[in-house]
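# Architecture and fold: a report
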Amino acid sequence: MTAGKRLIILRHAKAEHGYVGTDHERELTDKGRKQAQKVGTLLTEADCIPDHVICSTAVRTRQTLDLAMERMPRRPTADYESAAYMAGIDTIFDLINMVDADISTLMVVGHNPTMAQLAAAFLEDEPLISFPTASVALVDLEVDWLYAAPGTGTARILT
């Protein structure tokens, strides 16, 4: 029996290297900005628009989300979570488990290695070789958000 929930896992787009400020303040490169817009177009074409987003508070994740949403027909609600920055997979699952049951499609925008680990937690037979910047995985969950955990859904890599 399917819960009808879909999780979109998005790793932030390409960010600056060698930034003088803190890691949290790193911005997207021109390539990253184009990647983020492409993600928005891709999700729109796949008819997979989130109702709600959990996004790390890092500048690069917020920029990725904003640029992707510019290409979507409607703007989802978003929670900018400091806990999602530098979070491990358990913390991300804790955030997912707190999502309101009325939300059908949730997107998490974060950082590697956690986003790769999150996607891998739902891949059945295929090992996850890499999850580069602006990668997207779609997970069809078999449970409500409260019970989301590794293996409770099936993922496919969209890009």
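Our subject is the structure listed above.
Along every chain, residues carry numbers that run from 1 in the direction the sequence is written. Only residues with pLDDT of at least 70 get local features here, since the model is predicted, and only at 80 or more are side-chain atom pairs given and counted; chain-wide, interface and lining totals rely on the full set of residues. Values reported for side chains reflect all heavy atoms of the structure, with hydrogen atoms and water molecules removed beforehand.

### As for the overall build of the chain
Using the following cut-off: Note on conventions: DSSP H or I runs of at least 4 residues are helices, E runs of at least 2 residues are strands, and numbering of each starts at the N terminus. With C-alpha atoms as the basis for the radius of gyration, the globule rule is written as 2.2 Å multiplied by the number of residues raised to the power 0.38. Each residue's exposure class comes from its accessible area (1.4 Å probe, protein chains only) as a fraction of the maximum for that residue type: buried when under 20%, exposed when over 50%, partly exposed otherwise. Working rule for contacts: check all heavy atoms of both residues, and any pair within 4.5 Å makes them a contact. Under the convention used here, a 1.4 Å probe and the Shrake-Rupley method define accessible areas, while residue burial counts only the protein chains that appear. Charge assignment: positive for Lys and Arg, negative for Asp and Glu; neither His nor the chain ends contribute. The atoms used to mark charge sites are NZ of Lys, CZ of Arg, CG of Asp and CD of Glu.
From N to C terminus, the chain includes four helices and six strands. Mapped from its N terminus to its C terminus, the chain presents α and β elements in the order β-α-β-α-β-α-β-α-β-β. For a compact globule of 159 residues, the expected C-alpha radius of gyration is about 15 Å, and the chain comes in at 14 Å, within 12% of that figure. Principal-axis analysis of the C-alpha atoms places the extent of the chain at approximately 50 × 30 × 30 Å. The buried share of the chain, taken over its 159 residues, is 48%. For the chain, the proportion of contacts with a sequence separation of at least 24, taken over those separated by at least 6, is 72%. Split by element, the accessible area of the chain, about 7800 Å² in all, is 49% carbon and sulfur. Distance from the positive charge centre (15 side chains) to the negative charge centre (22 side chains) of the chain: 9 Å.

### Digging into the sheet that holds strand β3 (residues 77–81)
Selection rule: In this scheme, strands are said to pair when DSSP sees at least two bridges between them. Whenever a helix is involved, its axis is fitted only over the stretch in contact; in every case the axis is a line through C-alpha atoms, and angles between N-to-C directions fall within 0 to 180 degrees.
Read across the open sheet, the six strands follow the order β3-β2-β4-β1-β5-β6; overall the sheet is mixed. The outermost strands of the open sheet, each flanked by one partner alone, are β3 and β6 (153–157). Adjacent strand axes in the sheet meet at a mean angle of 20 degrees, parallel and antiparallel pairs treated alike. Judged from the six bridges that link them, strand β1 (residues 5–11) and strand β4 (residues 105–110) form a sheet pairing that is parallel. Opposite Arg11, over in β4, you have Gly110 as the bridge partner.

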